[in-house]
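# Residue-level structure breakdown
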Amino acid sequence: MNSRTLSWIFLGTLLCAAQTESPQQAQFRSCRANLKSLARALEFYAADHPEQPGPPLEKLVPGYLKTMPTCPAANSDTYSQVEWAGERFTLCCRGNHHTAVHIGPDRPAYAFPGGEISGLPPTPAEKILARHQQVFDQKKAVADRIAAEQDESVALLEAYRKTKSKNLPREALIELVNQGVTTTPPEKFPILITPPITAEERQILEGEKSPEGPTYLKVVEELDKRLPDSEFEAYCESNQFMLRKNRWLRGKVGKFQTLNG
Ligand SMILES: [Zn+2]
């Protein structure tokens, strides 16, 4: 066997080691997933039963959870001591069961509201997901603002109509608005582009499983599909006229209100 063959074997072993999860890592991941489903079930239970503050976990079975999960590393109940503060709660894997994967006591933990309290530095896959999440959140904020403007559109036109003579025909009113919009500069939308997944990132994302089970690659791909760049851009552009109209109407109605108020 020459040295080149040896180095190939060595490289192969290294790559396999990076891809395969140790049993302790798998236990930790499944413990996180348990806490997440417990937290979600508890949140639903609490919302359905406001008359029972701070319910014990046993109440969740079987209506909200089929069975009561246990931490595979502890093999005993580590979840039932839930800390309640009004409607807020914190759930954790009580004790020191994940030291093999360098996790401190009473971790993993979940809080409501707030989500996971990991106390861990983000993993490479979590960092990539965070970048995609950030772009998605920014797009969502723009889309939500446009939707709110759509809701307000009718009320603004109505407010503007009131500043005019009652005898003004509807067509003439629309004509005035359309003329106004032509002089209103276009809305400037932020340029939000979903980061492309490089070959290296794809490997990282494929090699790490999310707390829910699927790989991070699947999680990132699903997230990116929710508001693709082209659809986002088309949505912004198709609402350009409405946004300019609202801005113009707001200016007119505002002026009128100042004069009369
Ligand atoms: Zn655990």
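Starting from 1, residues in each chain are numbered consecutively following that chain's sequence as written. Selection of residues for local features in this predicted model requires a pLDDT of at least 70, selection of side-chain atom pairs for listing and counting requires 80 or more, and totals for whole chains, interfaces and linings are taken over all residues. Side-chain numbers here rest on the full set of heavy atoms in the structure, without hydrogens or water.

Each helix corresponds to a stretch of at least 4 residues labelled H or I by DSSP, and each strand to a stretch of at least 2 residues labelled E; elements are numbered beginning at the N terminus. On the secondary structure map, G251 appears in helix α8 (residues 240-260). For G251 and Y160, which are 91 residues apart along the polypeptide, the C-alpha to C-alpha distance reads 9.8 Å.

Turning to the packing of aromatic side chains, a few remarks are in order. Centres within 6.5 Å make a pair out of two Phe, Tyr or Trp rings, where for Trp the six-membered ring is used; the pair is then stacked when the planes are under 30 degrees apart, edge-to-face when over 60, and tilted otherwise. If you walk through the whole model with that rule in mind, you get four aromatic pairs. When the ring of Y45 is compared with that of Y64, the centres are 5.2 Å apart and the planes differ by 70 degrees; the resulting orientation is edge-to-face. Highlighted residues: Y45 in helix α2 (residues 23-48) and Y64 in the loop between α2 and β1 (83-85), separated in sequence by 19 residues. The class of Y45 is buried, set by a relative accessible area of 5%. Note on classification: 1.4 Å probe, protein chains only; a residue is buried when its accessible area is under 20% of the maximum for its type, exposed when over 50%, partly exposed between these limits. On the basis of relative accessible area, Y64 is assigned to the partly exposed category, the value being 28%. Every member of this aromatic cluster is reached through a ring pair, and the members are W84, F89 and F112.

We now examine the side chain of S153. Within the secondary structure layout, S153 lies in helix α3 (residues 124-162). Classification of S153 as buried rests on a relative accessible area of 12%. In what follows, a contact means two residues having at least one pair of non-hydrogen atoms within 4.5 Å. If sequence neighbours within four positions are ignored, S153 has contacts with M242, K245 and N246.

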